[in-house]
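Next come the chains, spelled out residue by residue.
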Amino acid sequence: MGSSMMLNGSDPTAITAEASSRLNHYFQVDKERQTFIHNILERVEADAKKINELELDLEDQKSSRANYQAKAINLENEVRRLAQQLDKDSFVVVLIDGDGAKFADEYLRDPMSGAERAAIKLKQAVRESLRDTGADLEDIPILVRVYANLNDLSKSLRLSRVIDYDDDMRLFAERFTNSRAEFDFVNVGKGKENADSKIRRMLNHYYRNIQCKKIFLAGCCHDNGYLHDLRDYTGSVDNRLVLLETTHAEPGFRALGFPILRFDEVFRSEPLGNETKHILPNMPPRPRSPVQPSPGPGPIARPTQPTPKQTMVVSPTQEQRQSPIPTSTPVSVSTSSPVLPSSTPEQQPNLPPRTSSVISSGNGGTSISYATAGGVNDLQNVTVKAPKPKKQPRVIFYNMDNYRIDSPTQHPPRTPAQSSYQAKFQAIKPSVFCNDHYLKGRCKWGIGCDKTHDAELTGPELAIHRYKARTSLCPAGPYCVDYDCYLSHHCPRAPCTRGEMCPFYDTEKWGDLHLTKDQLQPATRWTEGIDLPEHI
């Protein structure tokens, strides 16, 4: 470099300046190189640190993954074990409302062996149904639960001449229960809702049990009271619930979308001779009268009227025909009063002809005085009772939704009867007045009733008690068919101010029973003694 600077000139100042410039340039280059190397080293150090951290994280992830894999394998094994356990302990249940679904006559008439044959046939029918669905349930256990009021069922079967004695049905139930360990025929006792309540509870229990693969429900398709409960199970794609139709199913059940099967070789397909079954669509069942139908097969016999007292027709004599007494209508004479001797003019020719007069009696009847022309010694008065006015048949109204509509009711006025009724009510505590005795005139429990029957209630007090009863919800709800029912089937208050405290608010079975003005409009009317409804 010195030689180069020497060649360029001999000025020392210029040489020094150039050398200084170059030296500074080299210093700058060295500085930049050092900075670059320093930055490289820092980045290498940072990357090395990060790599170390990533290696630690990787080891941790490997360890965690190994743990998760081990746990996943254990869980898969547990799920597989539980699935096997569920399949091993799974079952199918058949719930039967025995009051509605009755076993075929051939089984009931031979209770000793018929119960066994009915159990075998029912099990075979369920197996064939499962096989038809393609489900792998060939060896699955089948549970059968029959719920019925044996007393009333036995009586109904006997009146229809299916069985000869009430004990035949009880023997059938006992033999049916003992035919299989998983079969039960349960006597729910007296009460219209007992079997229905059992069926509803057990249906909900088995439907929530994942081990229950299928539920066959028999004897419910004839009773619209089950419609509201079954709607809660609609929308499921597994078709776990299957309806068994015995008698003709109501249209509302077909609209639910559940599979409907028939086991005609197991159950009776026609109603009993002493039962009624309407087949009009969307009609409530025919309301029942307190008068029981006469026994015998075939259609229901209408209740017979009480036999009137024996009567005799008094024919007017020749003299009476000429008298001003009207004789166009025969006179009915009660045999409880003295009657004329049954003699003829030929047998007693010496008796003078009788004369008669008609006198109105104080009780609205007629007293006819017969006397001979010879004097008053032969006078005989025969009291003729006026015929009782014919009792008007009772009616029940239903709206478009087939809900029963009650007649309006008002709170009894404030009278002394309020205080006297309350005093009598307090006096019998802890007992209560028997509703059937005071409001129907008869108690179905008889001497076995634990409620009060012997307290005297006046007419105004009875009105107060009847109003108190009307504030209670009928167990049959809006589908009640009892002409004698003294309870309410929707809220009797208009408007109701009790809110959620009202017993008719958001009921478990029928929802809110506060009917609107339109819902209170009657659409059909059932009249006592008439088998078909009248559309209004």
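We now turn to the structure provided with this report. (Residues numbered from 1 in each chain as written. Predicted model: local features only at pLDDT ≥ 70, side-chain atom pairs only at ≥ 80, totals over all residues. Heavy atoms only, no water.)

1. Things to note about the overall build of the protein
Scanning the protein from terminus to terminus reveals 13 helices and 15 strands. Taken across its 536 residues, the protein has 34% of its residues classed as buried. Considering only intrachain contacts with a sequence separation of at least 6, the fraction spanning at least 24 residues in the protein is 64%. Of the roughly 33600 Å² of accessible surface on the protein, 53% is carried by carbon and sulfur atoms. (Helix = DSSP H or I, 4+ residues; strand = E, 2+ residues; numbered from the N terminus. Buried < 20%, exposed > 50% of the residue type's maximum accessible area, 1.4 Å probe, protein only. Contact = heavy atoms within 4.5 Å. Areas by Shrake-Rupley, 256 points an atom, 1.4 Å probe, with all protein chains shown as cover.)

2. Observations concerning the sheet that holds strand 14 (residues 524-527)
Ordered in space as 13-12-14-15, the four strands form an open sheet in which the pairing is antiparallel. The sheet is open, and its two borders are formed by strand 13 (404-405) and strand 15 (534-535), each paired with just one other strand. Bridge count for strand 12 (residues 395-398) against strand 14 is four bridges, and the pairing is antiparallel. By the bridge assignment, Tyr-398 is partnered in strand 14 with Thr-524. (Pairing = 2+ DSSP bridges.)

3. Brief notes about the packing of helix 5 (residues 150-159) against helix 6 (residues 166-179)
Two quantities define a packed helix pair, namely the angle between the helix axes and the distance between the axes. The contact between helix 5 and helix 6 brings their axes to 8 Å, and the two run at 125 degrees. Classed by the angle they form, the pair helix 5 and helix 6 counts as oblique. Handedness of the helix 5/helix 6 crossing: right-handed. For the pair formed by helix 5 and helix 6, the contact residues are Leu-150, Asn-151, Leu-153, Ser-154, Lys-155, Leu-157 and Arg-158 on the first element and Asp-166, Met-169, Arg-170 and Ala-173 on the second. Along the lines of polarity and charge, the residues of the contact of helix 5 with helix 6 split into five nonpolar, two polar and four charged. (Axes fitted to C-alpha atoms, helices over the stretch in contact; angles between N-to-C directions. Parallel < 35°, antiparallel > 145°, perpendicular 65-115°, else oblique. Left-handed = near helix turned anticlockwise from the far one by under 90°. Nonpolar A, V, L, I, M, F, W, Y, C, P; charged D, E, K, R; others polar.)

4. Quick word on a nonpolar patch on the surface
Side chains of Phe-36, Ile-37, Ile-40, Leu-41 and Val-44 sit close together on the surface and give an oily, nonpolar patch of about 480 Å² of accessible area. Note on placement: Leu-41 falls in helix 2 (residues 12-89). (Patch = residues over 30% accessible without salt bridge, like charges linked within 9 Å, V, L, I, M, F, W, Y side chains within 5 Å. Salt bridge = Lys/Arg side-chain N within 4 Å of Asp/Glu carboxyl O.)

5. A short note on unusual backbone geometry
Going from Lys-429 to Pro-430, the amide bond is cis rather than trans, its omega being 10 degrees. In this structure, Pro-430 sits in the loop between helix 11 (416-427) and helix 12 (435-440). Positive phi values are uncommon outside glycine, yet Arg-161 reaches one of about 65 degrees. Within the element layout of this structure, Arg-161 appears in the loop between helix 5 and helix 6. The backbone of Asp-506 sits at a positive phi, close to 50 degrees, despite the residue not being glycine. Structurally, Asp-506 can be placed in the loop between helix 13 (459-470) and strand 14.

6. Topic: helix 6
Its 14 residues give helix 6 an end-to-end C-alpha distance of 20 Å, which sits within 8% of 20 Å, the value for a rise of 1.5 Å per residue. For helix 6, the set of buried residues is Asp-168, Met-169, Phe-172, Ala-173, Phe-176 and Ser-179. Seen along its axis, helix 6 keeps its buried residues to an arc of 140 degrees; they face one direction. Opposite its buried face, helix 6 presents the exposed residues Asp-167 and Asn-178, each directed more than 90 degrees away. Buried residues along helix 6 sit in contact with helix 3 (105-108), helix 4 (111-133), strand 2 (142-148), helix 5 and strand 3 (183-187). (Expected span 1.5 Å × (residues − 1). Arc of directions from axis to C-beta.)

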